[in-house]
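# Working through the structure, step by step
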Amino acid sequence: MTTSMLVRDVMKSPSPSVKQGTDLGDVVETLLKFGVFGLPVINDQRELVGFVSEQDCIHSVLVSSYHCEGAPIVDDVMSKEVLAVDADSSIIDLAQQMGKLKPKSYPVTEDGKLIGLITRSAILASLWANRANCDIPNDKH
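Residues numbered from 1 in each chain as written. Predicted model: local features only at pLDDT ≥ 70, side-chain atom pairs only at ≥ 80, totals over all residues. Heavy atoms only, no water.

Volume-wise, the largest pocket comes out at about 370 Å³. What lines the largest pocket is a set of 16 residues, among which F51, S53, K102, P103 and K104 lie closest to the centre. Contributing elements (two or more residues each) for the lining of the largest pocket: strand 3 (48-53), helix 3 (54-66) and strand 5 (105-110). At 3 residues, the largest contribution of residues to the lining of the largest pocket is made by helix 3. Classifying every residue of the lining of the largest pocket by side-chain character gives 6 nonpolar, 5 polar and 5 charged. (1 Å grid on protein atoms, 1.4 Å probe; cavity = no way out; pocket = protein on both sides within 12 Å on 5 of 7 lines; lining within 4 Å. Points joined across faces, edges and corners; volume = space filled by probe spheres on them. Helix = DSSP H or I, 4+ residues; strand = E, 2+ residues; numbered from the N terminus. Nonpolar A, V, L, I, M, F, W, Y, C, P; charged D, E, K, R; others polar.)

If you want it as structure tokens, here you go:
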């Protein structure tokens, strides 16, 4: 069993992200391009200022496309209270936290700056790969 699996070891880095003020159409394209459920929103200093999910975008895109009104930007729909994790956090602790909370991905920060993105699927893959070590026999016949 691996003694310490850290977020930094399995996070996607650099993280896909969008800057404050980005047109919502560009946000949707970025979500689709990277195949993620959400994106960190950063300022010019790469500081994390929000998080935007597919779900955040759906209502706004529905309204703007159905009624052909408005040109929303990411700031209009993003969540400003972001659940972020530190790069040196334990994968085990984060997996337990994900069991209680619903985010499918978390921005990874170091000194307040965005450095990566950790997804539920990356954590699952890491835990499953580690689980494979449990099946190795202790002795070789």
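Read on for the rest.
For the rest of this paragraph, the subject is the sheet that holds strand 3. Each strand in a sheet pairs with its neighbour through backbone hydrogen bonds, running either in the same direction (parallel) or in the opposite one (antiparallel). The strand order across the open sheet built from 3 strands is 1-2-3, with neighbouring strands paired in mixed fashion. Both edges of this open sheet fall to strand 1 (18-19) and strand 3, since each of them pairs with a single strand only. Sheet topology places strand 2 (residues 38-42) next to strand 3; 5 bridges connect them, and they run antiparallel. Bridging from a neighbouring strand, V41 pairs with G50 of strand 3. Sheet contacts for helix 2 (residues 24-34): strand 1, strand 2 and strand 3; angle to strand 2, the most-contacted strand, approximately 130°. (Pairing = 2+ DSSP bridges. Contact = heavy atoms within 4.5 Å. Axes fitted to C-alpha atoms, helices over the stretch in contact; angles between N-to-C directions.)

What follows deals with the side chain of S105. By the secondary structure assignment, S105 is in strand 5. Of the residues examined, S105 reaches a relative accessible area of 6% and is grouped as buried. When residues no more than four places from it in sequence are discounted, the contact partners of S105 are G38, F51, M98, L117, I118 and T119. (Buried < 20%, exposed > 50% of the residue type's maximum accessible area, 1.4 Å probe, protein only.)

None of the figures reported here should be taken as evidence of function without further support.
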